[in-house]
Each structure stands twice: as C-alpha cells, then as structure tokens.
Amino acid sequence: MKLRAAALALGVVAVAALAARAQESVAPSPAPSAAVAAYDPAALPSGPVGEAIRLGREIVMNTPQTMPGYVRSNMSCSACHIEGGTKVRGGSFLGTYARFPQWNKRAKRVITLQDRLAECFLYSMNGRPPAYASKEMIGLVAYIAWLSRGVPTLSTPSPQDRFIEPLPPAPPDVRHGAKLYAQHCALCHQPSGAGVTGVFPPLWGPSSFNDLAGMAHLDRMTGFVHYNMPQGAPGSLTLREAYDVAAFVLSHPRPKFDPAALVQSSPLPAGFF
Ligand code: HEC
Ligand code: HEC
C-alpha cells in the first residue's frame, strides 16, 4: 500500500509538470464513430449475461489477479486498453465485437474474436490463452460485445478510432528518445523500465510483453504514446517525440515468444451443451 501511495504521489508530480505543456498542444479527442456508451455497471442486463460481462470487465482491469497461470507479463489488459478499452485511440474495444470474423495477416486465415483474444494472451500477456469455452473467455467476449452494442456487424473501424499513425520518414533518434524518457516517462515507468507492480506497467525487461506483441511494433507504440502518454498529459509529445521515445523503449530486451505456449485447447467434455 505504501509503495502504491508513493508511486501515485510521483505520478501526480509528473502530471502537474506536464499539464501546462499539454494544454498548449493537445488536440481535441475525436468523437467515437459509433453511438455506444462507456461501461456503466448499473446499466448491465441482469442475470447470467450481466454476470459474464462483469467477469470480463474484472479480467480486463485485473488480469494477473483474476487469471494467474495464464499471464506472465506484470500488467493487466487495461495497461494498453485504457480504462478497460473504453477510450477512443486508447486501444478501445468500442465496436471490436462487430469486426469479427476478420482476415488475420499473421495467422493467414479468417479468425474469430476468441482467436484475437488468444493472440493478446500469447504475446501481450506473454502467457497462454484460456480455453474458448471457459467462463473467462466467454466473459471477455461478453464484455467486448457489450461495449460494441449498436455498431453494425462487419463494419471497419474509422481511422479516428485507432492509434496507429504513419511514421515520420527519417529513422528515429534513440539518443533523443533516451532524454525524453528520463524527462517524461521514468518517474512512473522507472529508469529500469520495470514499472511499479499494480500501478505503472513495465515497458521492457522480463515482466513486459514479448517480442511478438503488437506493442513491440514501432508504429503501434509511437501512436499509443502520442495519443495516450504521459498518463495525465496525453498529447503533450509531438509525433516525432513519441517516435524517438518509443524507439528508445523498444531498443531494450524483452521476453522472446515461447512456441511451447501455443494454443492447445482440450476437447470439450460430453454434455457441454
Ligand atoms: C502490451 C499491450 C497490450 C496488452 C497488455 C493487451 N493488449 Fe490487446 N492489443 C494491443 C494492441 C497494440 C492491439 C492492436 C491495436 C490496434 O490494432 O489498434 C491489441 C488488440 C486487441 C484486440 C483487437 C481489437 C480490435 O478492435 O481489433 C483485442 C480484442 C484485445 N487486444 C484484447 C486484449 C485482452 C483481453 C488483453 C488482456 C488479456 C489484452 N488485449 C492485452 C496491446 C495489448
Ligand atoms: C504519470 C505516470 C506515467 C507517465 C509519466 C507515463 N506513463 Fe505510460 N503508463 C502509465 C499507466 C498508469 C499506464 C497504464 C494505462 C493507463 O492506465 O493509462 C501506462 C501505459 C503505458 C504503455 C502501455 C503498457 C506497457 O507497459 O507497455 C506504454 C507503452 C507507455 N505507458 C509508455 C510511456 C512512455 C513512452 C512515457 C513517456 C513519454 C510514459 N508512458 C509516461 C503511467 C505513466
């Protein structure tokens, strides 16, 4: 608890220091392209479907606690899917359910939402996915479906909803990135990049996401940082600055994907349906 309070106090200092700069340059956040509401527990349907949605939300917010044994990275889904996936350009799940099934370049086949969730378990969480018929997987699907209500099925996301940006043409300046990291990131994510358990997620090292995760791509981390970091003052870094600092973060070692962790679903027991 003490550690958490101290870390939060540090965070407040960092936010105050950055707030003035943010006010100058932050762009107005784009409106969601779909008419969906953010998560409100009071608005959930009653009964088992509501319970499944609630469980999915709980997993997204507190992944290591709710799914020990499935995750090795020391962070929750909400480290990258900000505010539980309800923030536009913050890894939002608003409309995600409506975009599956979809073609997947990595798998070279059409995948379902469960397959996409399995990917984030394997790479971002550096762990193993739950069985597709488990209450955890069903809870995650129910939560994402709830956040996607009202979005027409098989619609494509508006570019306004995503954080991926075309990168600047010149290569990134990692040394400049190191300076920016010390100034704008180290207070929360620590000079070691290891973060503070339960408060600030790790950016590199053994407890971070692995080398095949989406966030390990320079274009994705640049866009994520540009729109969402530093926490409390998003938009205070230019795209170029976000690019340099992301290149610095990604110049450090992180876990390598272990193929032994590949999806192995056990057969469904007779009487499942
Ligand atoms: C280290 C960061 C990170 C973590 C942690 C993470 N994800 Fe992701 N996730 C991403 C990125 C990056 C994408 C791709 C975003 C994009 O294409 O705009 C993504 C995409 C997704 C998508 C597809 C979204 C869409 O609309 O196409 C789903 C679903 C998803 N993640 C679920 C999860 C769940 C559930 C967890 C926790 C078990 C999780 N993720 C943990 C980074 C992360
Ligand atoms: C005030 C504290 C704070 C500062 C400063 C800060 N972050 Fe974060 N960062 C967070 C928190 C908390 C999260 C989890 C998402 C959330 O709740 O916003 C996060 C999430 C992230 C993530 C996705 C999760 C992961 O572990 O990979 C990346 C990447 C990231 N930050 C990069 C940066 C970079 C680069 C900077 C400096 C430009 C920065 N952050 C500054 C608090 C901070």
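Overview of the structure. (Residues numbered from 1 in each chain as written. Chains lettered and ligands numbered in written order. Predicted model: local features only at pLDDT ≥ 70, side-chain atom pairs only at ≥ 80, totals over all residues.)

**Side note on the overall build of the protein**
When helices and strands are counted, the protein shows 10 helices and 2 strands. Helices and strands in the protein line up, N terminus first, as α-α-α-α-β-β-α-α-α-α-α-α. Per-residue burial for the protein yields a buried fraction of 40% across its 273 residues. (Helix = DSSP H or I, 4+ residues; strand = E, 2+ residues; numbered from the N terminus. Buried ≥ 20, exposed ≤ 12 C-beta atoms within 10 Å, placed from the backbone.)

**As for the site of ligand 2**
Surveying the vicinity of ligand 2 reveals 27 residues, the closest of which are Cys185, Cys188, Pro201, Pro230 and Gln231. When contributions to the shell around ligand 2 are tallied by element, the ones reaching two or more residues are helix H1 (2-25), helix H8 (186-189), helix H9 (218-228) and helix H10 (239-250). Looking at side-chain class alone, the shell around ligand 2 contains 22 nonpolar, 5 polar and no charged residues. Three or more residues apiece are contributed to the shell around ligand 2 by two domains, here domain 1 (14-32 + 158-260) and domain 2 (34-157). (Near = placed C-beta within 6 Å. Nonpolar A, V, L, I, M, F, W, Y, C, P; charged D, E, K, R; others polar. Domains from an automatic or database assignment.)

**Regarding the site of ligand 1**
Lining the immediate environment of ligand 1, one finds 26 residues, of which Cys77, Cys80, Cys120, Ser124 and Gly214 sit closest. Listing elements by their share of the shell around ligand 1, those giving two or more residues are helix H5 (113-124) and helix H6 (135-147). By residue number, the principal contributor to the shell around ligand 1 is H5, which donates 5 residues. Residue composition of the shell around ligand 1, grouped by class: 16 nonpolar, 6 polar and 4 charged. Both of domain 1 (14-32 + 158-260) and domain 2 (34-157) provide at least three residues apiece to the shell around ligand 1.

**Comments concerning the nonpolar core**
Soluble globular proteins tend to bury their nonpolar side chains together. The biggest cluster of nonpolar side chains holds 55 residues, and the ones touching the most others in it are Tyr143, Val225, Val245, Ala246 and Val249. If you list the elements that add at least two residues to this core, you get helix H2 (48-61), H5, H6, helix H7 (174-184), H9 and H10. Summarising the domain contributions, this core has at least three residues from each of domain 1 (14-32 + 158-260) and domain 2 (34-157). With near-sequence residues (within four places) excluded, alanine 246 lies in contact with Leu218, Met221, Thr222 and Val225. (Core = buried A, V, L, I, M, F, W, Y, C linked by C-beta atoms within 7 Å. Contact = placed C-beta atoms within 7 Å.)

**Quick notes on unusual backbone geometry**
Cis geometry is found at the peptide bond from phenylalanine 100 to proline 101, where omega equals 0 degrees. Among the secondary structure elements, proline 101 is positioned in the loop between helix H4 (82-85) and strand E1 (102-104). The peptide bond linking methionine 229 to proline 230 adopts the cis configuration, its omega dihedral lying at -10 degrees. Phi is positive for glutamate 83, close to 50 degrees, though the residue is something other than glycine. Tracing the backbone shows glutamate 83 in helix H4. Of note in the backbone geometry, glutamine 190 takes a positive phi value of approximately 75 degrees without being a glycine. Here glutamine 190 lies in the loop between H8 and H9.

**Thoughts on the packing of H7 against H10**
Remark: H7 packs on H10, axes separated minimally by 7 Å, with the N-to-C direction vectors making an angle of 95 degrees. When the interaxial angle is binned, H7 and H10 end up roughly perpendicular. In contact with Val174, His176, Gly177, Ala178, Leu180 and Tyr181 of H7, H10 contributes Glu241, Asp244, Val245, Ala247 and Phe248. For the contact of H7 with H10, a count of residues per class yields 7 nonpolar, 2 polar and 2 charged. (Axes fitted to C-alpha atoms, helices over the stretch in contact; angles between N-to-C directions. Parallel < 35°, antiparallel > 145°, perpendicular 65-115°, else oblique.)

**Notes on the packing of H5 against H6**
In the contact formed by H5 and H6, the axes pass within 10 Å of each other and the chain directions differ by 110 degrees. As judged from the angle between their axes, H5 and H6 are roughly perpendicular. Classified by chirality, the crossing of H6 by H5 is right-handed. Residues Leu113, Gln114 and Leu117 of H5 form the contact with H6, whose own contacting residues are Met137, Leu140, Val141 and Ile144. Class assignment for the residues of the contact of H5 with H6 results in 6 nonpolar, 1 polar and no charged. (Left-handed = near helix turned anticlockwise from the far one by under 90°.)

**Quick word on H2**
Across its 14 residues, H2 extends 20 Å between first and last C-alpha, which sits within 8% of the 20 Å expected from 1.5 Å per residue. Every buried residue of H2 is accounted for by Ala52, Ile53, Gly56, Arg57, Ile59 and Val60. Mapping the buried residues of H2 onto a view down its axis gives an arc of 160 degrees, with all of them on the same face. Those residues of H2 hidden inside the fold are in contact with helix H3 (63-66), H4 and H6. (Expected span 1.5 Å × (residues − 1). Arc of directions from axis to C-beta.)

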